[in-house]
Amino acid sequence: MASHGARGRSGGRPTLEEVAARAGVGRGTVSRVINGSPRVSDATRAAVEAAVAELGYVPNTAARALAANRTDAIALVVPEPETRFFAEPYFSDMLRGVGAELSDTEMQLLLIFAGSDRERQRLAQYLAAHRVDGVLLVSVHADDPLPDLLAQLEIPAVISGPRSAAETLTSVDSDNYGGGRAAVEHLLAGGRRTIAHITGRLDVYGAQRRVDGYRDALRDAGHGVDELLIEPGDFTEEGGRRAMSVLLDRYPALDAVFAGSDVTAAGARQVLREAGRRIPDDVALVGYDDSAIARHMDPPLTSVRQPIVEMGRAMIDLLLAEIADRRPAVSRGLERRHAVLPAELVVRASS
């Protein structure tokens, strides 16, 4: 029997024709077996698979993709600076979920940063050349033009977190409203009354929904909403420090803080400690994301868990479905799906 590395008659890579000759079938039959068609008998399939193994034939996936007008590539586009991507656990967890779901496919994943105007221009040219079959968009702000560009180019796309309630792209998100509400209800149940909120970037719809949850939880518990207890942040540690300093100057007697992310909570914690506030004795602290930062903080941080890895998996599932459906975008428009995964409060010693 020929070894696995057998060469074709020409001395090069074995060809489809040589596999067909070895198996005693036509070229089309070999193609159907390789592509998994059910329209082949078990005996014929076995003969072709044996010939493939004997000759060491490797299908030319590039040629197959070209014939199908596909690239077998997906772009994960992050319209943020690289520094933020590598600093925040949200992005690594999202990438982990995406990669895990793609591992059983032949799709390649391209990671593309588009945080600057120059990077965005280069990305627009790249996408216009249709060098990917689909795009995953993460951390998209309300005024970002990228989703509209994808719609214009009719490139299948899924966005992590809609830009608004009227999002036109297929999206995957966690229940930001419910998560924000659960955080505040937990603090109220613990007897806290002067509860501050350091928001995420308010041009991100998910951050807006967490603020909505914060407000409604206070109102439904019979407490008024003091807008001066809401201080804008940007999901960063420095943003948490800055906002916490402002809030302490404004309300020295505050007794709880709900931060827009675990990274933000870490910055707030530093300022609280420098001001002599004990956590949770003087000030209870709750974060968002339930990242490794929350588990390793001192004291361990109560946090709202987003199922980020699962969100990445869901984004891939929806994108692959859109790629398989090649009808014009207009006819697909009514079928846009918006998946919302549940958020869960994980209580630890900080509250």
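A brief structural summary. In this text the structure is predicted, and so the values were computed from the model without any measurement.

## Overview of the overall build of the chain
Alright, step 1. Check the secondary structure of the chain and you find 15 helices and 12 strands.
Alright, step 2. Looking at the 351 residues of the chain, the share that counts as buried comes to 49%.
Alright, step 3. Once local pairs closer than 6 in sequence are excluded, the contacts in the chain between residues at least 24 apart make up 71%.
Alright, step 4. On the chain, roughly 16,400 Å² of surface is accessible, and the fraction owed to carbon and sulfur atoms is 51%.

## Topic: the nonpolar core
Alright, step 1. Core analysis: the biggest nonpolar cluster contains 37 residues, and Val184, Ile195, Tyr214, Met244, Leu254, Val257 and Phe258 have the highest contact counts within it.
Alright, step 2. Looking at this core, the elements that each hand over two or more residues are α9 (176–189), β6 (195–198), α10 (205–220), α11 (237–250), β8 (256–259), α12 (262–274) and β9 (284–289).
Alright, step 3. Examining the composition of this core, we find that 5 residues originate from one element, α12, more than from any other.
Alright, step 4. Beyond its immediate chain neighbours, meaning those up to four positions away, Val184 contacts Ile195, Tyr214, Ala217, Leu218 and Phe258.
Alright, step 5. Core analysis: the next-biggest nonpolar cluster, separate from the first, contains 24 residues, Val78, Val98, Met315 and Leu318 among them.

## Description of the sheet that holds strand β12 (residues 344–346)
Alright, step 1. Strands sit in the order β7-β6-β8-β9-β10-β12 across an open sheet of 6 strands; the sheet is mixed. If you trace the sheet from one side to the other, it starts and ends with β7 (230–231) and β12, each paired once.
Alright, step 2. Of the pairings in the sheet, the one linking β8 to β9 comprises 3 bridges and is parallel in character. Bridged to Val257 within β9 is Leu285.

## A look at the environment of Asp173
Alright, step 1. By secondary structure assignment, the location of Asp173 is in strand β5 (residues 170–174).
Alright, step 2. As a C-alpha pair, Asp173 and Ile159 span 14 residues in sequence and 8.5 Å in three-dimensional space.
Alright, step 3. Separated by 3.2 Å, the side chains of Asp173 and Asn176 make a polar contact.

## Side note on the packing of aromatic side chains
Alright, step 1. A complete count under the given rule lists 6 aromatic pairs for this structure.
Alright, step 2. On the numbers, 5.2 Å between centres and 80 degrees between planes, the contact of Phe85 with Phe113 is edge-to-face. Of the two residues, Phe85 sits in helix α5 (residues 82–87) while Phe113 sits in strand β2 (residues 108–113), which places them 28 residues apart along the sequence.
Alright, step 3. By relative accessible area, Phe85 is classed as buried at 6%.
Alright, step 4. Given the relative accessible area of 14%, Phe113 is considered buried.
Alright, step 5. When the ring of Phe86 is compared with that of Phe113, the centres are 6.1 Å apart and the planes differ by 50 degrees; the resulting orientation is tilted. With Phe86 in helix α5 and Phe113 in strand β2, the pair connects residues that are 27 residues apart, well separated along the chain.
Alright, step 6. Residue classification places Phe86 among the exposed positions, given a relative accessible area of 61%.
Alright, step 7. Among the aromatic side chains, those forming a connected cluster through ring pairs are Phe85, Phe86, Tyr90, Phe91 and Phe113.
Alright, step 8. Directly above the ring of Tyr288 sits Arg210, whose terminal nitrogen or CZ lies 3.7 Å from the centroid.

## A few points about helix α6 (residues 89–102)
Alright, step 1. Under the 1.5 Å per step criterion, the end-to-end length of α6 is 20 Å for 14 residues, consistent within 8% with the ideal 20 Å.
Alright, step 2. Listed in full, the buried residues belonging to α6 are Tyr90, Phe91, Asp93, Met94, Gly97, Val98 and Leu102. Projected down its long axis, α6 shows its buried positions confined to an angular sector of 170 degrees, all on one face.
Alright, step 3. Packing partners of the buried residues in α6 comprise β1 (73–78), α5, β2, β3 (134–138), β4 (157–160) and α14 (308–324).

## Description of the pairing of β9
Along any regular strand the residues' side chains alternate between the sheet's two faces.
Alright, step 1. Burial within β9 is extensive, with 6 of its 6 residues counted as buried.
Alright, step 2. What joins β8 to β9 is α12, and the crossover it makes is right-handed.

## Digging into the environment of Arg32
Alright, step 1. Within the fold, Arg32 resides in helix α2 (residues 27–34).
Alright, step 2. In this structure Arg32 comes out as partly exposed when scored by relative accessible area, which is 28%.
Alright, step 3. The spatial distance from the C-alpha of Arg32 to the C-alpha of Arg45 is 9.1 Å, given a sequence separation of 13 residues.

## Quick word on unusual backbone geometry
Note on backbone geometry: most residues besides glycine have negative phi, and most peptide bonds are trans.
Alright, step 1. Here the amide bond leading from Ile279 into Pro280 is cis, since omega sits at 5 degrees, within 30 degrees of zero.
Alright, step 2. Mapped onto the elements of the fold, Pro280 is located in the loop between α12 and β9.
Alright, step 3. Residue Pro299 follows Asp298 across a cis peptide bond; omega there is -5 degrees.
Alright, step 4. Structurally, Pro299 is set in the loop between α13 (292–296) and β10 (302–305).

## Focus: the pattern of salt bridges
Alright, step 1. Applying the stated rule across the entire model yields 22 salt bridges.
Alright, step 2. In this structure, Asp203 engages Arg201 in a salt bridge whose closest nitrogen and oxygen atoms are separated by 3.1 Å.
Alright, step 3. Taking relative accessible area as the criterion, Asp203 reaches 23% and is therefore assigned partly exposed.
Alright, step 4. Residue Arg241 is joined to Glu237 by a salt bridge in which the shortest nitrogen-to-oxygen separation is 3.3 Å. Taken together, the residues Arg241 and Glu237, both in helix α11 and 4 residues apart, mark about one turn of the helix.
Alright, step 5. Judged by its relative accessible area of 22%, Arg241 is partly exposed.

Each value, and the rule that gives it
Residues numbered from 1 in each chain as written. Predicted model: local features only at pLDDT ≥ 70, side-chain atom pairs only at ≥ 80, totals over all residues. Heavy atoms only, no water. Helix = DSSP H or I, 4+ residues; strand = E, 2+ residues; numbered from the N terminus. Buried < 20%, exposed > 50% of the residue type's maximum accessible area, 1.4 Å probe, protein only. Contact = heavy atoms within 4.5 Å. Areas by Shrake-Rupley, 256 points an atom, 1.4 Å probe, with all protein chains shown as cover. Core = buried A, V, L, I, M, F, W, Y, C linked by side-chain atoms within 4.5 Å. Pairing = 2+ DSSP bridges. Polar contact = N/O pair within 3.5 Å; in protein donor to acceptor, adjacent residues only side chain to side chain. Phe/Tyr/Trp six-rings, centres within 6.5 Å; stacked < 30°, edge-to-face > 60°. Lys NZ or Arg CZ within 6 Å of the ring centre and 35° of its normal. Expected span 1.5 Å × (residues − 1). Arc of directions from axis to C-beta. Right-handed = clockwise from strand over helix to strand, strands pointing away. Salt bridge = Lys/Arg side-chain N within 4 Å of Asp/Glu carboxyl O.

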